[in-house]
Amino acid sequence: MADSETMIEIQDLKKVFGKNVIFDHVNGMVKKGEVVCVIGPSGAGKSTFLRCLNLLEKPTSGKVLFEGTDLTSLDDKQVQQMRAKMGMVFQSFNLFPNMSVLENIELAPKKVRNESDEAAKKEGLALLDRVGMKSKADAYPLSLSGGQQQRVAIARSLAMKPEVMLFDEPTSALDPEMVGEVLKVMQELANEGMTMVVVTHEMGFAKNVADQIWFMADGGIIESGAPKDFFAHQKTKRAQEFMKKILDA
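Reading the values: the criteria
- Residues numbered from 1 in each chain as written.
- Predicted model: local features only at pLDDT ≥ 70, side-chain atom pairs only at ≥ 80, totals over all residues.
- Heavy atoms only, no water.
- Core = buried A, V, L, I, M, F, W, Y, C linked by side-chain atoms within 4.5 Å.
- Buried < 20%, exposed > 50% of the residue type's maximum accessible area, 1.4 Å probe, protein only.
- Helix = DSSP H or I, 4+ residues; strand = E, 2+ residues; numbered from the N terminus.
- Contact = heavy atoms within 4.5 Å.
- Arc of directions from axis to C-beta.
- Phe/Tyr/Trp six-rings, centres within 6.5 Å; stacked < 30°, edge-to-face > 60°.
- Pairing = 2+ DSSP bridges.
- Axes fitted to C-alpha atoms, helices over the stretch in contact; angles between N-to-C directions.

Asks: Help me understand the nonpolar core, please; the structure alone is not making it clear to me.
Replies: Nonpolar side chains tend to gather and get buried jointly when the protein is soluble and globular. Among the nonpolar cores identified, the biggest contains 49 residues, and Leu 128, Ile 154, Phe 167, Met 186 and Met 196 are the most heavily contacted of them. Looking at which element gives the most residues to this core, the answer is helix α6 (residues 176–191), with 8 residues. Setting aside its immediate chain neighbours within four residues, Phe 167 contacts Leu 50, Val 89, Ile 154, Met 186, Leu 189, Met 196, Val 197, Val 198 and Val 199. In terms of nonpolar packing, the next biggest core, distinct from the first, is built from 29 residues, Leu 13, Cys 52, Val 79 and Met 88 among them.

In C-alpha cells:
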C-alpha cells in the first residue's frame, strides 16, 4: 500500500426503507490503495450500502467521510463534484446503446471535464486498450458480449480519473465463462494501486485481491478482517454458516 491515508471513513451508518432497517451501526475505513471486498448473503443490504458511499442512496443517519469531507453534509452540487472522484460500476452495464463504445467513454470527460474531442478520443482509446477492448471502439454495445460490455463500463468509469472505484457485483449478470475477463481487469486495477470497494460473490477474487473482507449480514458488518484470517476461520456463527453454504454449493 502506498501510504496509510484514509480515503473513506464510515461512521455509524444507518439506512431505513419505511419500517425496514436495512443496516445500522455500520463503521469502517478504507485506506488509499486498499481493496475492500464486501461479501455476505443476498438481501443483506450490500448494494444499498455501496450506493450510500457516494450518496446515490441517501443514508438515514451517520456519516460518510470521503478524504475527510462528510458527504452527507453537502448540497447536491457539491455531492456531484465529489461523486466525480468515485467511479461506479453496476451489475447492469448501463451503456448508451445508440452510441459507439468510444462515444460512451468520451461523453462524461467532454461534458463534465470539458475535455476537447481530440483529448477525449485519445484518452478513450488508451482506456479501451487498457481493458482489452480497443478493437471494439467503433462497435455498439448491443453487439458485444456481457463481459465485453462490463469491461467498457469499467473503462467509462476510469475516464473520469476517479480516486476510488466502487463495484456493485460487477460479474453477477455475466455468463460464467465471461466472469474471468472482468475480474482480470479489476485485478490489474488493484495491482496498479486503485482504491476499490467491491461487493462480490466471487470468493476467489476476494481471497486473492482484497486487503480487507467486510462480511455483511443481519443488518450490519458483523465481521471484518484480512482475507487469510477470514477465510481460514470465521469468528461469528453467521459467517461460518455463510461460508459453509458457499463451500457446499
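Asks: I would appreciate a short explanation of helix α2 (residues 76–83) in the present structure.
Replies: Turn by turn, an α-helix covers 3.6 residues, leaving residues three or four places apart pointing in a common direction. Listed as buried for α2 are Val 79, Met 82 and Arg 83. Down the axis of α2, the smallest arc covering the buried residues is 100°, so these residues share one side. The exposed set on the far side of α2, more than 90 degrees from its buried face, consists of Lys 77 and Gln 81. Each element contacted by the buried residues of α2 is listed here: β4 (61–66), β5 (69–70) and β6 (86–89).

Asks: What should I look at first to understand the packing of aromatic side chains in this one?
Replies: We describe a pair of aromatic rings using the distance from one ring centre to the other and the angle between the two ring planes. Under the defined criterion, the tally for this structure stands at 5 aromatic pairs. With centroids separated by 6.2 Å and ring planes inclined at 55°, the aromatic side chains of Phe 49 and Trp 214 adopt a geometry described as tilted. Of this pair, Phe 49 sits in helix α1 (residues 46–53) while Trp 214 sits in strand β9 (residues 212–217), placing them 165 residues apart in sequence. For Phe 49, a relative accessible area of 0% puts it in the buried group.

Asks: Would you take a moment to explain the sheet that holds β9 for this structure?
Replies: Either a parallel or an antiparallel arrangement is found when strands of a sheet pair, and the pairing is made through backbone hydrogen bonds. Pairing within the open sheet is mixed, and its 6 strands lie in the order β6-β7-β8-β3-β9-β10. In the strand order of this sheet, the two ends are held by β6 and β10 (220–225), each with one partner. For this sheet, the mean angle separating the axes of adjacent strands, direction not counted, is 20°. Across 4 bridges, the pairing between strand β3 (residues 35–39) and strand β8 (residues 195–199) is parallel. Each residue of the ladder has a partner; that of Cys 37, found in β8, is Val 198. Contacting β3, β6, β7 (164–168), β8, β9 and β10, α1 runs over the sheet at an angle of about 155° to β7. Set on the sheet, helix α5 (residues 146–158) makes contact with β6 and β7; between it and β6 the angle comes to about 170°.

Asks: What should I look at first to understand α1 in this one?
Replies: Most of α1 is tucked away, with 6 of its 8 residues classed as buried. For α1, every residue scored as buried is listed here: Lys 46, Thr 48, Phe 49, Leu 50, Cys 52 and Leu 53. Looking at the residues trailing α1, positive phi occurs at Leu 55, about 60°.

Asks: Where do I start with unusual backbone geometry in this structure?
Replies: Residue Asn 114 is not a glycine yet carries a positive backbone phi of 55°. Locating Asn 114 in the fold gives a position in the loop between α3 (101–111) and α4 (117–130). Of note in this structure, Glu 169 is not a glycine but carries a positive phi near 45°. Of note, Glu 169 is situated in the loop between β7 and α6. You can call Glu 169 buried: its relative accessible area is 11%.

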